[in-house]
Every structure is written in structure tokens, then in C-alpha cells.
Amino acid sequence: MSAAFVTRFAPSPTGLLHRGHAYSALLAYAAAQAAGETFLLRIEDIDATRARPEFEAAIFEDLAWLGITWREPVRRQSEHLDDYEAALARLAAEGLVYRCFRTRKEVAQAMASAPHGAMDTFRSAPLPAEEEAERLARGERFAWRLSLKAAQARLDGFEHLTFQEEGAGPNGETGLIQARPELGGDVVLARKDVGVAYHLAVVVDDALQGVTHVIRGCDLFEAAHVQRLLQALLGLPTPVYRHHRLLAGPDGKRYAKRDRAETLQALRAAGVTPEQLRQEMGL
Ligand code: GLU
């Protein structure tokens, strides 16, 4: 029997959590509790160069301090690379992805040299077979990119792709949203270094974990458009989205991982209590 309400908090252990993370986690936790249902914690640690065990340990500690409990086991993305590979293989078998050998710099250059306004997101095409074979033979590394063109053909356009937004996007978008995956361009689904990338891992995990409600900051609203497309291509269910506002500090700027003084660890050390935080956040 599948639960009616499953949500998750999915931090990347690449820094210490700050007030913005606390807000997101508390909102998701409260929603799960109100529904009498499940709250999951997922550690998004595919970026092996930036993820660190001490940040993961800090996540557990900070959440426990906030009074949040989660259903075990915690899903750690780095332990499930097979799942992402299988999904990628499925897309590849249908010709929905292509190899991209470009460096970041080359991608930036390609975008900069496009006629003004013609390309604000990267879109490309597979290399001619011969050139690709040569590069592979030379051992050149490549990323896998989603082909919007192939996806569009496969789905007969994106017009029928929608998702339910119970919160709001950065411009107040709410209700039934028409997905516009073209906003993201031909996104990378598998990075050169780790063989998977954010969007693919999130979509696969949300489905495998039976997530029914994605509650996260509205900075990820655009991601939902891309993720909706991946769900359609992989035949996965679409969760309901609840994007929330981003907390801003006294200077009006949103909290970021670099604001050392605003980490939950620092606040705790300064004697701030979880109750105070909740009150400040209007929770
Ligand atoms: N791991 C992402 C982050 O820390 C969140 C992913 C998601 O909620 O979909 O920003």
C-alpha cells in the first residue's frame, strides 16, 4: 500500500546548513506530521569533490537539534549510482541523450557566440559518428546531455506536460503549471566525473522513494520543469510541488552556505533555540 503523503528534505553535504535549510526542513516535516505521514531525509552527495562526511554528520546533528526525525534508512545518493545508470541507459536506448565532450568553457563560448537571444540555454546535437568514435578511442571524457529535440519528438511536444504547484514559484506561479523544460536547455544528466547529475538523481530517487510531495525553496522552481520532462520520459509519477519563499537575512539577501555566522551550528553555539528560530520564521 502506498502512503498518501511522503515528502523529503534532500540537502547536499557540501557545507553547513543555515536558516534557509532549517526553514525548508521544518516546513516539510510539519507537512508530513500534519498528514500523519512520512518524512524522509536524502543525502545528495553525488558531487564527490565537494561532499564531505563532516557536513553529513552536521546535517544529522542540526536536524535532531531542530526536533526533526526521519524514516530510516537515509538514502545516500553515492550508494545508488546503479539506479541512475539504469535510468540513463533507458534514455540512451531511446536516443534521448547524447555525448557532450565540451568543456565548461566551450559551452560558455558556444552560448556567447549564438546570435543574440537565440540561445540563453545550451542546446546541441550528437557529434557525427566518426568524430565521436575518434574521441572515444582517444579516451576523451564526456557528459551525457538530454536532447530537448529528441524529447520533443518522442512526446509530441511539451504542451501536455503539467505539474501541480501548491506553493509558488519565484514570480508567484501557482496551481496547474505548464512545464517548460526548454528553460533548462539540454541539461547534463551525467557529469564527466561522476556519471550522474542532479536532475536525473532527484527524479529517480523521488520515484523510488515514493515521494508524493516535493517541498523545497523556490530557487528550484525551474528545476521542476526539467524534472517533469524526465518523469514523462522515464514513465515515472509526478509528485505535487510546494516551492516556498526563500528566507532573507536582515540585509535582504538570501542565506547562503558561505554565511558562516548564520549556520545552524553557529546559531546553536550562540544560544539560539529551535523555538526562537521557528518563531522568527513564523512557523
Ligand atoms: N540537493 C538540493 C539542494 O541542496 C535539493 C534538491 C531538491 O530538493 O530537489 O539544493
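For the structure itself, look to the data block above.
Counting from 1, residues in each chain are numbered in the order their sequence is written. The predicted nature of this model means local features are confined to residues of pLDDT at least 70 and side-chain atom pairs, given and counted, to a pLDDT of 80 or more, with totals for whole chains, interfaces and linings taken over all residues. No hydrogens and no water enter the side-chain calculation; it runs on all heavy atoms of the structure.

Chemist: Please explain helix 8 (residues 221-234) as it appears in this structure.
Modeler: Helical periodicity: at 3.6 residues per turn, an α-helix aligns residues three or four positions apart in one direction. Taking 1.5 Å per residue as the helical rise, helix 8 with its 14 residues ought to reach 20 Å, and the 20 Å between its terminal C-alpha atoms agrees with that figure. A 1.4 Å probe rolled over the protein chains alone gives each residue an accessible area, and that area as a share of the maximum for its type sets the label: buried under 20%, exposed over 50%, partly exposed in between. Going along the chain from the N terminus, every DSSP run of H or I of four or more residues is numbered as a helix, and every run of E of two or more is numbered as a strand. Listing the buried residues of helix 8 in full gives Phe 221, Ala 223, Ala 224, His 225, Val 226, Gln 227, Arg 228, Leu 229, Leu 230, Gln 231, Leu 233 and Leu 234. Among the residues trailing helix 8, Gly 235 stands out with phi positive, at a value near 65°. One fewer than the residue count of a helix, multiplied by 1.5 Å, yields its expected span.

Chemist: Which parts of the structure should I look at to understand the packing of aromatic side chains?
Modeler: We describe a pair of aromatic rings using the distance from one ring centre to the other and the angle between the two ring planes. Between 30 and 60 degrees the pair is tilted, below 30 it is stacked and above 60 it is edge-to-face, where a pair is any two Phe, Tyr or Trp rings, Trp via its six-membered ring, whose centres lie within 6.5 Å. The final tally for this structure, using the stated rule, is 6 aromatic pairs. Their ring planes at 85° and their centres at 5.4 Å tell us that Tyr 29 and Phe 39 sit as a pair that is edge-to-face. Here Phe 39 lies in strand 2 (residues 38-43) and Tyr 29 lies in helix 1 (residues 19-34), a separation of 10 residues in the sequence. Per residue, the accessibility class of Tyr 29 equals that of Phe 39, and both read buried. Members of the aromatic cluster, connected to one another through ring pairs, are Phe 101, Phe 142 and Trp 144. Whether a charge sits over a ring comes down to the Lys NZ or Arg CZ being within 6 Å of the ring centre and within 35 degrees of the ring normal. The lysine or arginine in question, Arg 99, covers the ring of Phe 142, its NZ or CZ lying 5.0 Å from the ring centre. The positively charged end of Arg 268 is found above the aromatic ring belonging to Trp 65, 5.2 Å away from the centroid.

Chemist: Explain the site of the ligand here, please?
Modeler: Neighbouring the ligand are Arg 8, Ala 10, Pro 11, Ser 12, Glu 44, Tyr 198, Val 202, Arg 216 and Leu 220. The term polar contact refers here to a pair of N or O atoms within 3.5 Å; inside protein, the definition further demands a hydrogen-donor-capable atom paired with an acceptor-capable atom, and it admits residues adjacent in sequence only when both atoms are side-chain atoms. A distance of 3.2 Å separates an oxygen atom of the ligand from a polar side-chain atom of Tyr 198. Under the grouping applied here, Gly and all other residues not named as nonpolar or charged are polar, the nonpolar ones being Ala, Val, Leu, Ile, Met, Phe, Trp, Tyr, Cys and Pro and the charged ones Asp, Glu, Lys and Arg. A breakdown of the residues in the shell around the ligand according to their chemical character gives 5 nonpolar, 1 polar and 3 charged. A molecule or strand has a residue near it when one of that residue's heavy atoms lies within 4 Å.

Chemist: How should the pattern of salt bridges be read in this particular structure?
Modeler: Pairing is possible between side chains of opposite charge, provided their charged atoms come close. The term salt bridge refers to a pairing of a side-chain nitrogen on Lys or Arg with a carboxyl oxygen on Asp or Glu at a separation within 4 Å. Under the counting rule described, the total for this entry stands at 24 salt bridges. Linking Arg 76 and Glu 56 is a salt bridge whose minimum nitrogen-to-oxygen distance equals 2.8 Å. Of this pair, Arg 76 sits in strand 3 (residues 75-76) while Glu 56 sits in helix 2 (residues 53-65), and the two are 20 residues apart along the sequence. With relative accessibility at 22%, the residue Arg 76 sits in the partly exposed group. By relative accessible area, Glu 56 is classed as buried at 13%. Salt bridges sharing partners connect three or more residues here, namely Arg 8, Arg 42, Glu 44, Arg 75, Asp 83, Asp 205 and Asp 206.

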